[in-house]
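# Overview (structure and organization)
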Amino acid sequence: MILFLAVAVFVGSEPCRPCHTETAEAYARTPMARSSGRVESVPPAEVTAAGQRYRIAANRLAFDQGSAAFDYFIGSNSHGRSYLFEREGFLFELPVTWYASSQAWDASPGYEKYTEVRLDRPVERNCLLCHASQVRFVRGTQNRYGDPPFADNGVGCERCHGPGSEHVRDPVTFPMVTPAELDPERRDAVCIQCHLSGVSRVARAGRRLTDFHAGERLADYVTYFVWDASHQDLKVTSHVERLAASGCKRAAGDKLWCGTCHEPHTNADRTQAACLGCHSRAHHAAEQCASCHMPKFSAADAGHGVFTDHSIPRDPAHRSKAAGHRQLVPFLGTADARALGIAYAEAGDPRARGYLLRAQPADAAVLLRLAVLEQDSRRAAALYEGVLREEPGNPTALVNLGALYAAGGRTQDAARLWRRALETNPAIEGAALNLSQVLPTEQARAVLVQYLGFNPGSRAARSRLAALRHP
Ligand code: HEC
Ligand code: HEC
Ligand code: HEC
Ligand code: HEC
Ligand code: HEC
Ligand code: HEC
Ligand code: HEC
């Protein structure tokens, strides 16, 4: 018989259930499987968060100037749950999050700093890529998705086992990827794709993390950078970095990985057996080793979360303090001038420019960072134009190039760019406010009214609209 190979595609977790019933049922109860989905109901409540007052009723979040629906949730609620709402196909994050540890609503992470209600934070692909599966992103936009935005809730089977269409048809001829049987680099990548963010994660030229799937090498897609002295801050997505810093991992090497202690289908904790497996003559053998050697701390970037220290310190009472940032080093993948330049730029570090100037290829990602750093407006404009030739929908380039054109008197060209920015994401405040200054009054009003439909709390847009009504 001649076999004709087909490229396997993702089919979602549902088709696996009839044949792998037990695994599917156990997995469905884990936090990873339940990490996202459509909201069924949210109990009514009065909420004050970051000085703003909200009312939750009928699955909507209401405040003085408007309201938004609780459409999708992110987070299983083992630590907390954030919410997304959809408007005209665009997804935004709600400004309040439920925190399990305090059993209370509070400002979503990063919203503490606002002094007005904001509904304009776009949900970019990365967020859904870690928390949902079969994400249906609309190319060329910042935050537009299909309906529904993801076809498979939570972390689906195929995120760890690769695309399943061929296996579903003929399971014997077409095996799935089994992480534990891969070489260590590919095995570890299965968990790392979501459990590591590093200080900066830079896609290689022409590659996107979105295209990675289990069984491949992450280093072919991205480089992860960390500060060379960063083991000290406990961050939410740093289990990978901290485990790498442990005496155990450094000595035991590839024998130790996430799957040594975590059973992914049941979320069972097999830590005690793992410790004893390698430290057979350990002291305190009757006690939980993790209770002393893997203490729990509040995480630096998780709002109210508590996380387990995966650096397995010898003496937990003597944790060393942060030594300060020195330089970015690749934690995974290769560091060429391009990757270093983008990484330093994201960290707001002046070393970025030197690397960016030497970067090969000088693609849109490089030109954009150079443009932002460029003092000379003619040169900056040329760089932004280069970005837009490669990425016509890049919102930063559209807004900033528009500003440079407008400053040089080219208001028509500027208006065209700002309109395009609003097509990639209709809640870009800068684009709407800028447009309202160069358009005739009637059109300016229409732009502001449309913008306020997305972000009704914006004081800047309201006062501009009031000024146009009562000049
Ligand atoms: C597609 C992204 C993704 C992949 C792949 C992934 N994880 Fe996760 N993992 C998550 C997310 C998101 C959460 C948080 C789930 C929640 O509570 O909402 C999580 C949570 C966890 C938790 C905590 C569960 C709890 O009790 O709160 C463990 C343990 C874990 N993952 C282990 C692993 C291991 C081991 C692998 C690799 C075999 C892996 N993960 C692969 C995204 C992923
Ligand atoms: C790089 C992957 C990644 C990205 C991007 C990401 N998360 Fe997470 N998130 C995780 C993982 C992994 C956890 C589990 C916490 C941990 O690491 O222990 C988590 C935990 C959470 C939790 C707590 C869930 C629980 O109950 O345990 C919430 C809520 C959450 N994330 C919301 C978001 C939102 C909203 C976004 C986007 C705006 C986002 N995350 C972006 C990987 C990611
Ligand atoms: C977070 C990653 C992850 C997810 C999600 C996941 N698996 Fe697995 N699966 C693994 C790992 C790792 C192994 C290897 C066995 C081990 O190390 O315990 C495995 C092994 C398997 C095996 C081989 C037999 C066995 O149990 O060891 C089957 C079958 C399987 N998984 C089916 C599924 C199905 C069906 C789903 C979805 C309902 C699923 N897996 C979701 C990580 C995952
Ligand atoms: C028609 C029944 C059927 C369906 C549907 C099915 N499997 Fe399997 N699966 C099997 C059988 C049978 C085996 C054992 C194959 C063998 O031993 O040669 C298997 C083996 C596996 C293995 C172990 C590695 C291997 O391929 O031998 C994994 C992992 C796995 N399946 C995951 C999945 C996932 C994920 C899905 C959904 C996308 C799925 N399976 C859908 C029947 C099925
Ligand atoms: C895959 C094998 C393996 C596993 C699993 C493992 N370790 Fe280790 N660990 C080692 C090796 C090898 C060393 C270095 C030699 C030594 O000190 O015994 C080490 C070192 C240590 C050290 C000394 C670290 C230092 O900085 O001096 C402690 C403490 C420790 N392990 C505790 C644990 C605990 C607790 C667990 C379970 C949570 C655990 N280990 C799991 C292999 C392992
Ligand atoms: C030596 C054992 C061990 C290894 C290896 C290990 N973990 Fe854990 N992990 C634990 C323990 C113990 C907990 C706390 C479990 C609990 O409290 O129920 C935990 C908790 C977690 C949690 C829940 C949030 C938290 O911090 O409490 C996540 C997410 C997680 N681990 C991810 C990973 C990832 C990703 C890897 C691989 C880089 C990994 N773990 C490797 C033992 C381990
Ligand atoms: C009651 C707290 C506690 C428990 C429980 C505990 N340890 Fe320890 N362990 C310590 C302390 C404290 C040290 C540091 C001793 C020192 O450096 O003087 C230590 C040191 C170690 C070392 C390094 C010892 C050496 O001589 O190199 C290893 C390995 C270790 N523990 C493994 C384990 C394992 C495995 C378990 C579970 C079976 C465990 N520990 C349970 C507190 C504990």
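Being a predicted model, the structure only gives us computed values, none of them experimental.

Rules and cut-offs
- Residues numbered from 1 in each chain as written.
- Chains lettered and ligands numbered in written order.
- Predicted model: local features only at pLDDT ≥ 70, side-chain atom pairs only at ≥ 80, totals over all residues.
- Heavy atoms only, no water.
- Helix = DSSP H or I, 4+ residues; strand = E, 2+ residues; numbered from the N terminus.
- Rg over C-alpha atoms; globule rule 2.2 N^0.38 Å.
- Buried < 20%, exposed > 50% of the residue type's maximum accessible area, 1.4 Å probe, protein only.
- Contact = heavy atoms within 4.5 Å.
- Areas by Shrake-Rupley, 256 points an atom, 1.4 Å probe, with all protein chains shown as cover.
- Lys, Arg positive; Asp, Glu negative; His and termini not counted.
- Charge placed at Lys NZ, Arg CZ, Asp CG, Glu CD.
- Donors = N, O, S within 2.8 Å, 3.2 Å for Na, K, Ca; no water.
- Tetrahedral: all angles 85-135°; square planar, octahedral: opposite > 155°, others 65-115°.
- Near = heavy atom within 4 Å.
- Polar contact = N/O pair within 3.5 Å; in protein donor to acceptor, adjacent residues only side chain to side chain.
- Nonpolar A, V, L, I, M, F, W, Y, C, P; charged D, E, K, R; others polar.
- Axes fitted to C-alpha atoms, helices over the stretch in contact; angles between N-to-C directions.
- Parallel < 35°, antiparallel > 145°, perpendicular 65-115°, else oblique.
- Left-handed = near helix turned anticlockwise from the far one by under 90°.
- Expected span 1.5 Å × (residues − 1).
- Core = buried A, V, L, I, M, F, W, Y, C linked by side-chain atoms within 4.5 Å.
- Pairing = 2+ DSSP bridges.

### Concerning the overall build of the protein
A count of helical and extended segments in the protein gives 19 helices and 19 strands. What you see for the protein is a C-alpha radius of gyration of 25 Å, in line with the 23 Å of a compact globule of 471 residues. In terms of overall dimensions, the protein has a C-alpha envelope of 80 × 65 × 55 Å along the principal axes. When the 471 residues of the protein are sorted by exposure, 44% land in the buried category. Within the protein, contacts between residues separated by at least 24 positions form 52% of all contacts whose residues are at least 6 apart in sequence. Total accessible area on the protein is roughly 24600 Å²; 53% of this is exposed by carbon and sulfur atoms. Seen as two clouds, the 54 positive and the 50 negative side-chain charges of the protein have centres 4 Å apart.

### Focus on the coordination of the iron atom of ligand 5
Metal coordination angles have textbook ideals: 109.5 degrees for a tetrahedral set of four donors and 90 or 180 degrees for an octahedral set of six. Surrounding the iron atom of ligand 5 are the protein donor atoms Cys 248 (SG) and His 279 (NE2), at 2.0 to 2.2 Å. Classification of the site at the iron atom of ligand 5 as octahedral follows from its 6 donor atoms and the range of 85 to 179° in their angles at the metal. In this pair, Cys 248 is assigned in helix H7 (residues 247–252) and His 279 in the loop between helix H9 (271–278) and helix H10 (289–293), connecting sequence segments 31 residues apart. Looking at Cys 248, the relative accessible area reads 24%, which means it is partly exposed. Residue His 279 is classed as partly exposed on the basis of its relative accessible area of 43%.

### Structural notes on the site of ligand 1
Residues in close proximity to ligand 1 total 19 residues, the closest being Met 32, Ser 76, Cys 191, Cys 194 and His 195. Between ligand 1 and Ser 35, the relevant distance is 2.7 Å, taken from an oxygen atom to a side-chain nitrogen or oxygen of the residue. In the model, an oxygen atom of ligand 1 is placed 2.6 Å from a nitrogen or oxygen of the Ser 76 side chain. Secondary structure elements with two or more residues in the shell around ligand 1: helix H2 (125–131) and helix H5 (184–195). Here the shell around ligand 1 gets 5 residues from one element, more than from any other, and that element is H5. Of the residues assigned to the shell around ligand 1, the class counts are 9 nonpolar, 9 polar and 1 charged.

### Re the packing of helix H17 (residues 429–438) against helix H18 (residues 441–454)
The interhelical angle for the contact between H17 and H18, taken along N-to-C directions, is 160°, at an axis separation of 8 Å. Here H17 lies roughly antiparallel to H18, going by the angle between them. For the element pair H17 and H18, the recorded crossing hand is left-handed. Residues Glu 429, Ala 432, Leu 433, Leu 435 and Ser 436 of H17 touch H18, and the partners they reach there are Ala 444, Val 447, Leu 448 and Tyr 451. The residue makeup of the contact of H17 with H18, split by class, is 7 nonpolar, 1 polar and 1 charged.

### Some remarks on helix H15 (residues 395–407)
Over its 13 residues, H15 extends 18 Å from the first C-alpha to the last, a length consistent with the 18 Å expected when each residue adds 1.5 Å. Inspection of H15 places Pro 395, Ala 397, Leu 398, Val 399, Leu 401, Gly 402 and Tyr 405 among the buried residues, and these make up the whole buried set. Lining the buried residues of H15 we find helix H13 (364–373), helix H14 (377–390), helix H16 (411–424) and H17. The residue sitting at the N-terminus of H15 and contributing the capping side-chain oxygen is Asn 394; that oxygen lies 3.2 Å from the backbone nitrogen of Thr 396. Once H15 finishes, Gly 409 follows within two positions and takes phi at roughly 90°, a positive value.

### A short note on the coordination of the iron atom of ligand 3
Taken together, His 161 (NE2) and His 265 (NE2) make up the full set of protein donors to the iron atom of ligand 3, lying 1.9 to 2.0 Å away. In this structure, the iron atom of ligand 3 is coordinated by 6 donor atoms arranged in octahedral fashion, with angles at the metal of 87 to 179°. Placement of the pair is His 161 in helix H3 (residues 157–161) and His 265 in the loop between strand E15 (262–263) and strand E16 (268–269), with a sequence separation of 104 residues. The class for His 161 is partly exposed, based on a relative accessible area of 22%.

### Observations concerning the site of ligand 7
Contacts to ligand 7 come from 13 residues, most closely from His 283, Cys 289, Cys 292, His 293 and Arg 314. Within the contact set of ligand 7, a nitrogen atom lies 2.8 Å away from a side-chain nitrogen or oxygen of His 283. Within the contact set of ligand 7, a nitrogen atom lies 2.8 Å away from a side-chain nitrogen or oxygen of His 293. Contributions of two or more residues to the shell around ligand 7 are made by H9 and H10. Per element, the largest residue contribution to the shell around ligand 7 is 3 residues, and it comes from H10.

### A look at the nonpolar core
One recurring pattern in soluble globular proteins: nonpolar side chains tend to sit buried together. If you look at the biggest cluster of nonpolar residues, it comprises 73 residues, and the most contacted ones within it are Tyr 54, Phe 70, Tyr 83, Leu 94 and Trp 105. One finds Ile 192, Ala 219, Tyr 221 and Val 222 within the second-largest nonpolar core, a separate group that totals 12 residues.

### A look at the sheet that holds strand E13 (residues 200–203)
Reading across the sheet, the 3 strands line up as E13-E14-E19 and stay open at both edges, with antiparallel pairing between neighbours. This sheet does not close on itself; its edge strands, each paired only once, are E13 and strand E19 (328–332). Across the sheet, the mean angle separating the axes of adjacent strands is 35° when strand polarity is ignored. Inspection of the sheet shows strand E14 (residues 222–227) paired to E19 by 4 bridges, in the antiparallel sense. Each bridged residue has a counterpart across the sheet, and for Val 226 the counterpart in E19 is Val 329. Against the sheet, helix H11 (residues 337–346) touches E13, E14 and E19, its axis set at about 140° to E13.

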